[in-house]
Structures are given as C-alpha cells and as structure tokens.
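Tertiary structure, described
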Amino acid sequence: MPSQEVKEIFEAMGLVAPTDVEGGLAVEDPSCGEIIARVAQDDREAAMAKVAAAHAAFLRLREVPGPVRGELVRRIGERLRQHKEPLARLVTAEMGKGIAEALGEVQEMIDICDFATGLSRSLGGRTMLSERPGHRMFEQWHPVGSVLCITAFNFPVAVWAWNAALAFVCGDPVVWKPSLKTPLTAMATHALLQPVLAEAGHGDAMQLVIGPDVEVAQALVDDPRFPLVSATGSCAMGRKVGPRVAARLGRTLLELGGNNAIIVDATADLDLAARAIAFGAAGTAGQRCTTTRRLLVAESVADALVRKVVGAYQQLAERIGDPRDPANLVGPLIDADARDQYVAAIERIEADGGEILVGGRVLDRSGYYVVPTVVAVPEGKEFPLMDQETFAPILYVRRFGTDDLDGAIAVQNQVEQGLSSAIFTDSVRAAERFWSPAGSDCGIANVNLGTSGAEIGGAFGGEKATGGGRESGSDAWKAYMRRQTCTVNGSNALPLAQGIRWE
Ligand code: NAD
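Residues numbered from 1 in each chain as written. Predicted model: local features only at pLDDT ≥ 70, side-chain atom pairs only at ≥ 80, totals over all residues. Heavy atoms only, no water.

**Thoughts on the overall build of the chain**
Scanning the chain from N- to C-terminus turns up 14 helices and 21 strands. For the chain, the C-alpha radius of gyration of 24 Å lies close to 23 Å, the compact-globule estimate for 503 residues. In the chain, which comprises 503 residues, the proportion classed as buried is 55%. In the chain, the proportion of contacts linking residues at least 24 apart, taken out of those at least 6 apart, comes to 72%. Here the chain has roughly 20800 Å² of accessible surface; of this, 51% comes from carbon and sulfur atoms. For the chain, the distance from the average site of its 49 positive side-chain charges to the average site of its 63 negative ones is 6 Å. (Helix = DSSP H or I, 4+ residues; strand = E, 2+ residues; numbered from the N terminus. Rg over C-alpha atoms; globule rule 2.2 N^0.38 Å. Buried < 20%, exposed > 50% of the residue type's maximum accessible area, 1.4 Å probe, protein only. Contact = heavy atoms within 4.5 Å. Areas by Shrake-Rupley, 256 points an atom, 1.4 Å probe, with all protein chains shown as cover. Lys, Arg positive; Asp, Glu negative; His and termini not counted. Charge placed at Lys NZ, Arg CZ, Asp CG, Glu CD.)

Below, the structure written as structure tokens:
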C-alpha cells in the first residue's frame, strides 16, 4: 500500500493513489528514507504503444486552431489552480523541497499555462520584402510533431509544464519521461490533467512513460517519431542523449547542469548580496540547476561579506528539517547517493586545503539532511572541485583583486557550464561590463539579484555544457514548431532571384 500521506494527497485531488506493485519502482520520502510507494514501470512495448498513440493524436491536433488549443491549456491551468496545494504537498513528500518552494513550483506551472494561453493567439511569423516585383514573402510556423520530454528530479512537475504548455499550444503532443526518483508527482499530474485533453478528444496527446533509462528512455530517444527531444538533467545525461538524437538528425532542447557564480564588487550592497547568496546557495538544499555554487568577492569587501554570509548560514543551520514545516528553510537531499556525494566533496575539500567556514556535516537523524556549507578556497591555487557541479549546498568563496572585474569574470566563465550568473554592484560601468559581449558567458545574467528563481516570462537556459536550449518565455516556443518560408508570385511574369536570366 502507498503511505497514508500519499493516499490522502491523491484523494485530496480527487484521484486514487497508484496501487503498490510487488517488485515495482520504490519511491522514497527523502525526509525520512522510508518507502512511500512501489509503482509499476512501462516496458519497451508499452512505451512504444504510447508513442504510437501520441503520434496519431498529433495528426489530429495539428489541425486544431491555435486559440482552441490555447483554451485547452487555459483549462489545464485552471485545474492546477484548483489542486495547487495537494500537488505541492506531493512534491514536498516525494522530492523533499520545502512546502513554500513546492507551492512556488506549482504556481510556475500555472504561470506558464497563462503565458501559453496568451501565446496561442499571437504565435506568428514575419513578412519580408521580396526583391522580385509583385512577389510577397512570409514565414509561418507549424506544429513539429510529438515532443519527448525527459525531466530531472529537482523540478519534478514545473519543467514538464514549461515544455507541455508551449508544446500543446504549438500543436504538439508530449510524451513525458520523468525522473525515476519522482514518479508519483508525474503520475498525479498526468491523472489530474490528462482528462482535460481527453474531454476535448485529444487525450492521447498527453502520455506518461515511467521506465528505466537504458531499456526504455533510450528507445524513446532513438525514435524518429519525436522530431524534438527536450531533456533536462545532468551534463552526463545530455552527453548520452544529445548524440543519439543527432545521429538520426533530430532536434534537441537540452537543459543541463550549471555551476553558477555570483560576483560581488567593492560597491555592492552587502546586505542584499548576503541574502541573495544564502537563498541561491542553500535554497532547495542546493539542488537547483541555478544554485549559486561559487562566490567571487572583491578583496576590499570580502571579510565583511563572508561574515554576513556565514552569519546567515548559522541561522539557516537552525532551520534544517522536515520540508512539510514551513518554518524550515532547508530540507533533505534527494537520496543516499546525493548525501554520499556531499560527504565525498567535503572530504576532498579538506584534502585539497579548502577551509570550511560553516557546515560540512551530515545531520544525525533519519532522512538525507546535510548542513549548508561555505568553503574558502586557498588563494593563488587552482581548486578543481570548485569547477564541478556537486548537487548539494556547497558554496565556494574566492577573492579577486578589487579592481580586477575582468579577472573575476574570467574565473566565472572558466567552468564548462554556462547557465546562470549574477553580479552585485552599484556601479553602472561594472554592470555593463558584466553583461557585455566580453562579460558573463551564461544564458542568464542578473544584476543585484541571485542566480536562481527565474520568472517564466524570459527564455530559460544556458550555454556551453548546459546544452544551449531555451524553454519557457520569450520566443522559446519556436523550438516546438517548424518554420516554413513561403513566397507567392502575384504578377504575370516569372522573374528569378539574384537577377538570373534563364530564357
Ligand atoms: P539525471 O541526469 O540523473 O536525470 C535526468 C533525467 O534523464 C531523468 O529522467 C533520467 O531518468 C533521464 N536519463 C538519464 N540517463 C538517460 C539516458 N541515457 N537516456 C534517456 N534518459 C536518461 O539528472 P537528475 O539527477 O535528475 O537532475 C539533476 C541534474 O539536472 C543537475 O545536473 C541539474 O543541474 C540538472 N538540471 C538542469 C536544469 C536546467 O534547466 N538546465 C533543470 C533542472 C535540473
């Protein structure tokens, strides 16, 4: 039987919790390490049947007018509004993020539905002036086909929604392959929202496949019925998925790892910076792709800032605990593996001469709780660990010469990922330098706010090993459509482009 809490949450949404399957996929509550459900997985054959159904749905959905598809997404958003609280509680129970952050995650799903609904009446192409008399050129956008959406554990529902809301208004079915660490939230989301499409005769456009990476997920990745594979997760996963899709000349939208830095210069408001650093580095227990992992601080303000940050962390250490309690600001890591990686990183930090200013230990209680950690890296020495993404709340602090902003930007840019970045400064010149072409090489560059907590209105994603994909706002919708350039000749002649004469 699934746990009482899981049963109650499903019931609160008007759903029945999935029955336990002997030998099924074990779902753990990271706040106590107990198994809360054992769910069935799809085998390859079942997964392929879902792909076929999605493809058949595409052939119908592509002919539904965009604003009508928008209306479906509006209803999906309404349904999420009605069930926001229990869905957030499930995110907390299964993934372990604090309830306030889980509510924010479901709100993000609602926001992207609103955004996509609006888009459904405004998606459009440009017209271009033709060089030929009596000719007109324009471009139009058509649905691209079924989208395979692979998601990570840390945003177990929002990332799907970023993709799905846009894909649906663009006319594309979505086959969702969630993380095997968070299948329950995916099952609940699917059970809650799929009927909205089913009532309109498009139920097969929303599919959920829960299955192992090699036997099932990889077969999906290889399937040409997915012209677009949108995959969110580690760089290691992207390095496997990207080349497979490329080999069949499909398109990918990759949202991979980050190793994000905040630069604090000598003019910065240090109180503001310290608060943003604490939230960016310790929020979601350091398990956001946009988590602040490196702090680069000007020598002249370094002591004062580090004092403030360490002070904030000492207060945080009192607020680690059950993510269901809104008084707690830091919940557990996702599982024992994640905790072991944190422990291994701490051992390596000490071996490499890093100074642990605060944290650096596991809490002695059930569940996977670790203390958010600040590390001063030795000056004038390389510190390779700082350039890797350890998916845990570890913040490295490095000082830079007070007038050497370019040096700090170079350190920021030296990592393989290029997701999010921020500078705290009161200097217009420093801010302009930071986001100039010679500045941050990341997909996100903020001034006087932290690296995490993006809004859905902007295009979200990063460069280099982060994968180059863009999701969510701005014109990210273009990834989910195919572009067609059209020229029409309204004259009686047949002039050729470039003045070519062929008579
Ligand atoms: P992960 O790479 O372990 O898994 C991500 C997803 O990929 C899961 O659904 C997994 O089952 C699937 N997967 C793994 N190998 C696969 C394969 N060979 N074929 C097909 N699918 C495969 O990542 P995780 O631990 O769930 O999440 C943490 C990572 O995700 C971090 O690196 C984090 O930075 C990144 N992330 C990035 C973003 C972003 O928007 N850039 C957002 C969230 C998380």
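What follows continues from the structure just given.
**As for the sheet that holds strand 3 (residues 127-129)**
Across the sheet, three strands lie side by side as 3-4-21; this open sheet has antiparallel pairing. The open sheet has two edge strands with one neighbour each: strand 3 and strand 21 (481-489). Neighbour to neighbour, the strand axes of the sheet diverge by 25° on average, direction disregarded. Pairing geometry for strand 4 (residues 135-143) and strand 21, over nine bridges, is antiparallel. In the strand pairing of strand 21, His142 is matched with Arg482. (Pairing = 2+ DSSP bridges. Axes fitted to C-alpha atoms, helices over the stretch in contact; angles between N-to-C directions.)

**As for the layout of surface pockets**
Looking at the largest pocket, its volume works out to about 1300 Å³. Lining the largest pocket are 49 residues, with Ala152, Phe153, Thr232, Gly233 and Ser234 positioned closest to its centre. For the lining of the largest pocket, the secondary structure elements donating two or more residues are helix 5 (99-119), helix 6 (158-170), helix 8 (213-221), helix 9 (235-247) and helix 12 (336-351). With five residues, helix 8 is the largest single contributor of residues to the lining of the largest pocket. (1 Å grid on protein atoms, 1.4 Å probe; cavity = no way out; pocket = protein on both sides within 12 Å on 5 of 7 lines; lining within 4 Å. Points joined across faces, edges and corners; volume = space filled by probe spheres on them.)

**Description of the side chain of Ser472**
Examined against the element boundaries, Ser472 turns out to sit in strand 20 (residues 471-472). Polar side-chain contacts of Ser472 include one of 2.9 Å to the backbone oxygen of Ile456. Sequence-distant contacts of Ser472, that is, excluding residues within four places in its chain, are made with Ile112, Phe115, Trp162, Leu166, Ile456, Gly458 and Phe460. (Polar contact = N/O pair within 3.5 Å; in protein donor to acceptor, adjacent residues only side chain to side chain.)

**Re the packing of helix 3 (residues 66-82) against helix 7 (residues 183-199)**
The contact between helix 3 and helix 7 brings their axes to 9 Å, and the two run at 150°. By the angle between their axes, helix 3 is roughly antiparallel relative to helix 7. As helix 3 packs across helix 7, the resulting crossing turns out to be right-handed. Counted together, Leu72, Arg75, Ile76, Arg79 and Leu80 of helix 3 and Leu192, Leu193, Val196 and Leu197 of helix 7 form the full contact between these two elements. Across the contact of helix 3 with helix 7, the residue classes tally to seven nonpolar, no polar and two charged. (Parallel < 35°, antiparallel > 145°, perpendicular 65-115°, else oblique. Left-handed = near helix turned anticlockwise from the far one by under 90°. Nonpolar A, V, L, I, M, F, W, Y, C, P; charged D, E, K, R; others polar.)

**Looking at the domain arrangement of the chain**
As far as domains go, the chain holds domain 1 (4-256) and domain 2 (260-447). Computed over C-alpha atoms only, the centres of domain 1 and domain 2 are separated by 31 Å. In this assembly, 23 residues from domain 1 lie in contact with 24 residues from domain 2. Carbon and sulfur atoms supply 54% of the area buried between domain 1 and domain 2, which totals about 1800 Å² over both sides. Of all residues in domain 1, the largest losses of buried area upon contact with domain 2 belong to Pro30, Ser31 and Glu101, amounting jointly to 27% of the total for that side. Connecting domain 1 to domain 2 are five salt bridges. Residue Glu416 pairs with Arg239 through a salt bridge whose shortest N-O separation is 2.8 Å. Across the contact surface, domain 1 and domain 2 share eleven residue pairs in polar contact (both at pLDDT 80 or more). When contributions to the side of domain 1 that touches domain 2 are tallied by element, the ones reaching two or more residues are strand 1 (25-29), helix 4 (84-95), helix 5 and helix 9. Ranked by residues supplied to the side of domain 1 that touches domain 2, first place goes to helix 4 with four residues. (Domains from an automatic or database assignment. Buried area = accessible area lost by both parts, 1.4 Å probe. Salt bridge = Lys/Arg side-chain N within 4 Å of Asp/Glu carboxyl O.)

**As for the sheet that holds strand 7 (residues 206-208)**
Spatial ordering of the open sheet is given by 7-6-5-8-9, a layout of five strands whose pairing is parallel. Whereas interior strands pair on both sides, the edge strands pair on one side only; in this sheet they are strand 7 and strand 9 (251-255). Direction aside, the axes of adjacent strands within the sheet are offset by 15° on average. One ladder, built from four bridges, connects strand 5 (residues 147-150) with strand 6 (residues 174-177); its direction is parallel.

**Topic: the site of the ligand**
The environment of the ligand is made up of 26 residues, and the closest members are Thr151, Lys177, Asp213, Ser234 and Glu389. A distance of 2.5 Å separates an oxygen atom of the ligand from a polar atom in the side chain of Ser234. Calculation on the ligand without its partners gives an accessible area of 850 Å², and the protein chains cover 91% of this total. Mapping the ligand onto the cavity grids shows that it belongs to the largest pocket. Elements supplying a minimum of two residues to the shell around the ligand: helix 8 and helix 9. (Near = heavy atom within 4 Å. Sits in = over half its atoms within 2 Å of the grid points.)

**Comments concerning the pattern of salt bridges**
As enumerated under the stated definition, the model contains 27 salt bridges in all. When the shortest N-O distance is used, the salt bridge between Asp114 and Arg81 registers 2.8 Å. On the criterion of sequence distance, the pair formed by Asp114 in helix 5 and Arg81 in helix 3 is long-range, its members being 33 residues apart. Under the relative-accessibility criterion, Arg81 is labelled partly exposed at 38%. The partner of Arg339 in a salt bridge is Asp340, and the shortest N-O contact between them spans 3.3 Å. If you follow the salt bridges from partner to partner, you end up with Glu5, Asp29, Asp322 and Arg324 in one network.

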